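The lines below spell out each chain.
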Amino acid sequence: MSISDNIQNIKTQIGENCTLIAVSKTYPAETIIQAYNAGQRVFGENRVQELLSKKDLLPQDIQWHLIGHLQSNKIKYIIDFVSLIHSVDSEKLLQAIDKEASKISTIMPCLLQIYIADEETKFGLDETELYHILDNLNQYKHIQIAGVMGMATNTTDQEKIKSEFNFLSNLYNKVKTKYFPNETAFKHLSMGMSSDYKLAVACGSNMIRVGSLIFSMKD
Ligand SMILES: *Cc1c(COP(=O)(O)O)cnc(C)c1O
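A brief look at the structure comes next. Numbers given to residues run from 1 along each chain, matching the order in which its sequence is written. Local features are withheld for residues below a pLDDT of 70 in this predicted model, meaning they are given only at 70 or higher, and side-chain atom pairs are given and counted only at 80 or more; totals for whole chains, interfaces and linings count all residues. Processing note: side-chain calculations cover all non-hydrogen atoms of the structure and skip hydrogens and water entirely.

**Some words on the nonpolar core**
In terms of nonpolar packing, the biggest core is built from 64 residues, with Phe43, Leu70, Ile85, Ile97, Leu112, Phe165 and Ile214 touching the most fellow members. Of the residues forming this core, the biggest block, seven residues, is contributed by helix H7 (residues 158-179). Should any heavy atoms of two residues lie within 4.5 Å, those residues are considered in contact. Beyond its immediate stretch of four places on either side in the chain, Leu70 contacts Val48, Ile75, Ile78, Ile85, Leu93 and Ile97. Of all hydrophobic cores here, the second largest spans seven residues; its members include Val42, Leu111, Ala146 and Met149. In plain words, nonpolar cores are sets of buried Ala, Val, Leu, Ile, Met, Phe, Trp, Tyr and Cys residues tied together by side-chain atoms within 4.5 Å. Three labels apply to residues, based on accessible area from a 1.4 Å probe with only protein chains included: buried if under 20% of the type maximum, exposed if over 50%, partly exposed otherwise in between. Numbering goes from the N terminus for both helices and strands, where a helix is a DSSP run of H or I of at least four residues and a strand is a run of E of at least two.

Following this line, the structure appears as structure tokens:
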């Protein structure tokens, strides 16, 4: 199976209404270009330094998504070219992104990362923090909240993963109805990775972040 085959297989399974983010972290530019040549244009990276070192080696029309935990002092390096930040996991970070975006007079599309896993290592907002941000949205003049993101527990227990995805899916719908009823820009439910994307899509995901299933060549 080639990278191109892997992408085609996943795309066939998820259908047209779900966006595939090719997570290229840890893979070199020579590997990433194979996905690009297969038509893939949206890529996800989780570390700023790594993203910066690779992006200039790759075509300019790639849409880069930042999917991993972001430190406030790194925002300024990515704000002018990243097309979506998936990993807003604190109010402080959102304020810092707003400030950097205002400096270059842009509006940064962001997803609010919600803590749904049963693991201490994962980042994300709890519901109290989420609603605090949403109730104070008018303070962010340079942010566009474009949806929510979450990562399920790393487990083989399908029922557990399913209940976490259903929780996030319901939360996404609730937030959309209450805070963004007429805003078409609030539209992304980013959930699902290599091991659980089928379940995620069945639970309503419309944006999956898949790395190893595309790029790691085992046969
Ligand atoms: C690495 C990563 C992924 C992709 O994981 P795979 O298991 O390789 O598909 C998705 N989302 C985030 C936030 C990641 O860091």
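**Looking at the packing of aromatic side chains**
Any Phe, Tyr or Trp ring, taking Trp's six-membered ring, that has another such ring centre within 6.5 Å forms a pair; planes under 30 degrees apart are called stacked, those over 60 apart edge-to-face, and the others tilted. For the coordinates displayed, the defined rule picks out five aromatic pairs. Taking 5.9 Å as the distance between ring centres and 45° as the angle between the ring planes, the aromatic pair formed by Phe43 and Trp64 counts as tilted. Pair noted here: Phe43 is in strand S2 (residues 42-45) and Trp64 is in strand S3 (residues 63-66), with a separation of 21 residues, a long-range link. A relative accessible area of 4% means that Trp64 is categorised as buried. Among the aromatic side chains, those forming a connected cluster through ring pairs are Tyr172, Phe180 and Phe186. Both a distance and an angle decide whether a charge sits over a ring: NZ of Lys or CZ of Arg must be within 6 Å of the ring centre and within 35 degrees of the ring normal. For Arg41, the ring lying beneath its charged end belongs to Tyr36, and the centroid distance is 3.6 Å.

**Remarks on the environment of Asp196**
With respect to the element layout, Asp196 can be found in the loop between strand S7 (188-190) and helix H8 (197-202). In this structure Asp196 comes out as buried when scored by relative accessible area, which is 7%. For the pair Asp196 and Ile107, spaced 89 residues apart in sequence, the C-alpha to C-alpha distance is 32 Å. Leaving out residues up to four positions away in the same chain, Asp196 has contacts with Ala152, Ile161 and Phe165.

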